[in-house]
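Observations on chain architecture
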Amino acid sequence: MFNRTDKAISAVALVDSFKETMNKSTVYRILDRLEEDGIIHAFNDTDGLKWYARCKGCKDGKHTDDHPHFKCTHCGSMECLPVAIQIPSVQEYTIQSSEVILVGECADCFS
Ligand SMILES: [Zn+2]
Ligand SMILES: [Zn+2]
Ligand SMILES: [Zn+2]
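One structure accompanies this document, and this report is about it. Quick caveat, the model's predicted, so the values are computed rather than measured.

**A few points about a negative patch on the surface**
- Together, Asp32, Glu36, Asp37 and Asp60 give the surface a local cluster of negative charge.
- Among the secondary structure elements, Glu36 is positioned in helix α2 (residues 24–36).

Given below as structure tokens:
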């Protein structure tokens, strides 16, 4: 399901690829479980679409994914970027997480 570690798969595409064998709610239940177990992480893109990608080094639902995601406007692919995002500290606010989507052209398209 998630063999390419750096590529994300949209919820829509996942439901579609399992439609022969599983119904939508079963697929979502499995995804929720995998997310709780720290196997995959979920995030929303700029269109509000939900995406899932494989975690690296997350354990028992403790997610340490603080990397940005990259969306290619050319081929529509989404991937995890192996860089850390510096979350700014804002006075009197407590920031728990951040979701950054960078948009542009991926390595496959940029050539
Ligand atoms: Zn994670
Ligand atoms: Zn691309
Ligand atoms: Zn990611």
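**Overview of the side chain of His41**
- Inspection of the secondary structure puts His41 in strand β2 (residues 40–44).
- The class of His41 is buried, set by a relative accessible area of 6%.
- A polar contact is formed between the side chain of His41 and the side chain of His67, at a distance of 3.2 Å.
- Of note is the side chain of His41, whose polar atom sits 3.3 Å from the side chain of His69.
- With residues up to four places along the chain from it excluded, the contact list for His41 reads Glu35, Trp51, Tyr52, Ala53, Arg54, Cys55, His63, Asp65, His67, His69 and Cys80.

Cut-offs used in this document
Residues numbered from 1 in each chain as written. Chains lettered and ligands numbered in written order. Predicted model: local features only at pLDDT ≥ 70, side-chain atom pairs only at ≥ 80, totals over all residues. Heavy atoms only, no water. Patch = residues over 30% accessible without salt bridge, like charges linked within 9 Å, V, L, I, M, F, W, Y side chains within 5 Å. Areas by Shrake-Rupley, 256 points an atom, 1.4 Å probe, with all protein chains shown as cover. Salt bridge = Lys/Arg side-chain N within 4 Å of Asp/Glu carboxyl O. Lys, Arg positive; Asp, Glu negative; His and termini not counted. Charge placed at Lys NZ, Arg CZ, Asp CG, Glu CD. Helix = DSSP H or I, 4+ residues; strand = E, 2+ residues; numbered from the N terminus. Buried < 20%, exposed > 50% of the residue type's maximum accessible area, 1.4 Å probe, protein only. Polar contact = N/O pair within 3.5 Å; in protein donor to acceptor, adjacent residues only side chain to side chain. Contact = heavy atoms within 4.5 Å.

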